[in-house]
Amino acid sequence: MDDFILGLPKCELHVHLEGTLEPAMARAFAARHGIAGGADLGERPATFSGLSGFLTGYYAAMQGLQTEENFYELARAYLETARRQGVVYAEMFFDPQAHTARGVPFDTVVSGIHRAQEDVREDGGPDTALVMCFLRDESAESAAETLVASLPYRARGWILGVGLDSDERGHPPAKFAAVFADARAAGYRLTMHCDVRQEDSVAHIWQCLDLIGVERIDHGLECLADTALVEELARRRIGLTACPLSNLRLYGTLMADAVTELAARGVLVTLNSDDPAYFGGYVADNFEAVRDEAGLSRGDVARLAKHAFEASWLTGERTRAYLSAVDDYVAAAAPSGPG
Ligand code: ADE
Ligand code: ZN
């Protein structure tokens, strides 16, 4: 791993905690709870047949996540890896409906994750916030019920924002317009997935902007098919959370060119890991893969890192402090050798 990338202060905005469930942990939890066939839950193919193919294994592996302690261990393991990868701040997704549908109480999920966030914050970081995703292939009514269940945790400041994930085909942002309006009224920040290589992706991104009023879009790289859309994303300073190794494992390409083109056109594009236990790398690995493929300079790499702090939901003051930390790091870094 490149020392410059590893030490660069980084912010991760697109990581699904359930997607950080490494095979050994999935197997251990399944064994602990006596789940038949649990050993298979750790199996991870090298490539997936698109988003829906990936999601089947992703939901199956979650069966072992049952107790507050399981969610604690899951979140704590991710955060310790993220710290080693130079992450200083992360806004992390979780999928409550994937657990409540199996009879795991909402409180079990959120309490375990929250305790890990607190312990790691006291232990040297990273600092983190939580973003609750609705499953778009479930009904809008189910999302609305989940929103209501979350409100006590919103009131305590435990959940910062809401997102939308899972299988996009046939489930446009518009399906959730009312739920997201209610979430905004409850004080939540808003983001939504518009995965790469999906049907009607450009229309979905426009819906995110004009109908939902999101502040970020997860993935969103297909905006390049529409010049006016790219200009609008740049004008509104909407963050796009690209996930290169996810693109590689699902669709055979990092889409590094799309990342560099969007940055050149003034879009706040960022690099993230998505589901690192499935896609073969955490956030620094994603930076390194794009750096290698696109031949990025240290300045280019630092600019992508700064985009994530700018697209984060930190206060202006904390954002500025992290941006200065990146500048100081770059200024202090030893000069890179030839090549
Ligand atoms: N759930 C976990 N990872 C996802 C992704 N990349 N897209 C949609 N839903 C997801
Ligand atoms: Zn995702």
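Presented here is an overview of the structure given in this document. (Residues numbered from 1 in each chain as written. Chains lettered and ligands numbered in written order. Predicted model: local features only at pLDDT ≥ 70, side-chain atom pairs only at ≥ 80, totals over all residues. Heavy atoms only, no water.)

1. Looking at the environment of Ala24
Piece 1. Along the chain, the position of Ala24 falls in helix α2 (residues 23-32).
Piece 2. Take Ala24: its relative accessible area is 51%, and that puts it in the exposed class.
Piece 3. Along the sequence, Ala24 and Ala39 sit 15 residues apart, while their C-alpha atoms lie 9.1 Å from each other. (Helix = DSSP H or I, 4+ residues; strand = E, 2+ residues; numbered from the N terminus. Buried < 20%, exposed > 50% of the residue type's maximum accessible area, 1.4 Å probe, protein only.)

2. With respect to the coordination of the zinc ion (ligand 2)
Piece 1. Every protein donor of the zinc ion (ligand 2) is listed here as His14 (NE2), His16 (NE2), His193 (NE2) and Asp274 (OD), and their distances to the metal cover 2.0 to 2.3 Å.
Piece 2. Mapping the donors of the zinc ion (ligand 2) onto the primary sequence gives the spacing H-x1-H-x176-H-x80-D. Here the residue His193 occupies a position in strand β5 (residues 189-194), and Asp274 occupies one in the loop between β8 (268-271) and α13 (276-279), the gap between them amounting to 81 residues. This pair shows no difference in class: His193 is buried, exactly as Asp274 is. (Donors = N, O, S within 2.8 Å, 3.2 Å for Na, K, Ca; no water.)

3. A few points about the side chain of Glu18
Piece 1. Turning to its location among the elements, Glu18 is positioned in the loop between β1 (10-12) and α2.
Piece 2. In contact with Glu18, not counting residues within four places along its chain, are Tyr58, Met62, Leu65, Leu74, Phe93, Phe94, Asp95, His99 and Tyr278. (Contact = heavy atoms within 4.5 Å.)

4. Focus on the sheet that holds strand β3 (residues 127-135)
Remark on secondary structure: sheet strands pair via backbone hydrogen bonds, oriented parallel or antiparallel.
Piece 1. Taken in spatial order, the 8 strands of this open sheet run β1-β2-β3-β4-β5-β6-β7-β8, and their pairing is parallel. Two strands close off the open sheet at either side, each with one partner strand: β1 and β8. The average undirected angle you get between the axes of adjacent strands in this sheet is 25°.
Piece 2. Examined bridge by bridge, β1 and strand β2 (residues 87-94) share 3 bridges and lie parallel to one another. Its bridge partner lying in β2, Glu12 is registered against Ala90. (Pairing = 2+ DSSP bridges. Axes fitted to C-alpha atoms, helices over the stretch in contact; angles between N-to-C directions.)

5. Things to note about the packing of helix α6 (residues 106-122) against helix α7 (residues 140-155)
Packed helix pairs are specified by the crossing angle of their axes together with the interaxial distance, meaning the distance between the axes.
Piece 1. Where α6 meets α7, the closest approach of the two axes is 11 Å, and the angle between their N-to-C directions is 45°. The pairing of α6 with α7 is recorded here as oblique in orientation. The handedness of the crossing between α6 and α7 is right-handed. Where α6 abuts α7, its residues Phe106, Asp107 and Val110 lie against Thr146, Ala149, Ser150 and Tyr153.
Piece 2. Of the residues in the contact of α6 with α7, the class split is 4 nonpolar, 2 polar and 1 charged. (Parallel < 35°, antiparallel > 145°, perpendicular 65-115°, else oblique. Left-handed = near helix turned anticlockwise from the far one by under 90°. Nonpolar A, V, L, I, M, F, W, Y, C, P; charged D, E, K, R; others polar.)

6. Some points on α6
Piece 1. The terminal C-alpha atoms of α6, which comprises 17 residues, lie 25 Å apart, in line with the 24 Å expected from a rise of 1.5 Å per residue.
Piece 2. Burial in α6 covers these residues: Phe106, Thr108, Val109, Val110, Ser111, Gly112, Ile113, His114, Ala116, Gln117 and Val120.
Piece 3. Looking at the buried side of α6, the elements it contacts are α4 (68-84), β2, α5 (97-100), β3 and α7.
Piece 4. Looking one or two residues beyond α6, the residue adopting positive phi is Gly124, at roughly 110°. (Expected span 1.5 Å × (residues − 1).)

7. As for the packing of aromatic side chains
Piece 1. Tallying each qualifying case throughout the model produces 16 aromatic pairs.
Piece 2. Consider the rings of Phe54 and Tyr278, whose centres lie 5.3 Å apart with planes at 85°: the pair is edge-to-face. Of the two residues, Phe54 sits in helix α3 (residues 50-61) while Tyr278 sits in helix α13, which places them 224 residues apart along the sequence.
Piece 3. Using a relative accessible area of 3% as the deciding quantity, one classes Phe54 as buried. (Phe/Tyr/Trp six-rings, centres within 6.5 Å; stacked < 30°, edge-to-face > 60°.)

8. Observations concerning the site of ligand 1
Piece 1. In the region of ligand 1, the neighbouring residues are His16, Leu51, Phe54, Leu55, Tyr58, Asp165, Ser166, His193, Asp195, His219, Asp274 and Asp275.
Piece 2. Separating a nitrogen atom of ligand 1 from a side-chain N or O atom of Asp274 is a distance of 2.7 Å.
Piece 3. Here a nitrogen atom of ligand 1 sits 2.7 Å away from a polar atom, N or O, in the side chain of Asp275.
Piece 4. In isolation ligand 1 has 260 Å² of accessible area, and contact with the protein removes 100% of it.
Piece 5. In terms of residue count, α3 provides more of the shell around ligand 1 than any other element does, 4 residues in total.
Piece 6. Residues that form the shell around ligand 1 fall into these classes: 4 nonpolar, 4 polar and 4 charged. (Near = heavy atom within 4 Å. Polar contact = N/O pair within 3.5 Å; in protein donor to acceptor, adjacent residues only side chain to side chain. Areas by Shrake-Rupley, 256 points an atom, 1.4 Å probe, with all protein chains shown as cover.)

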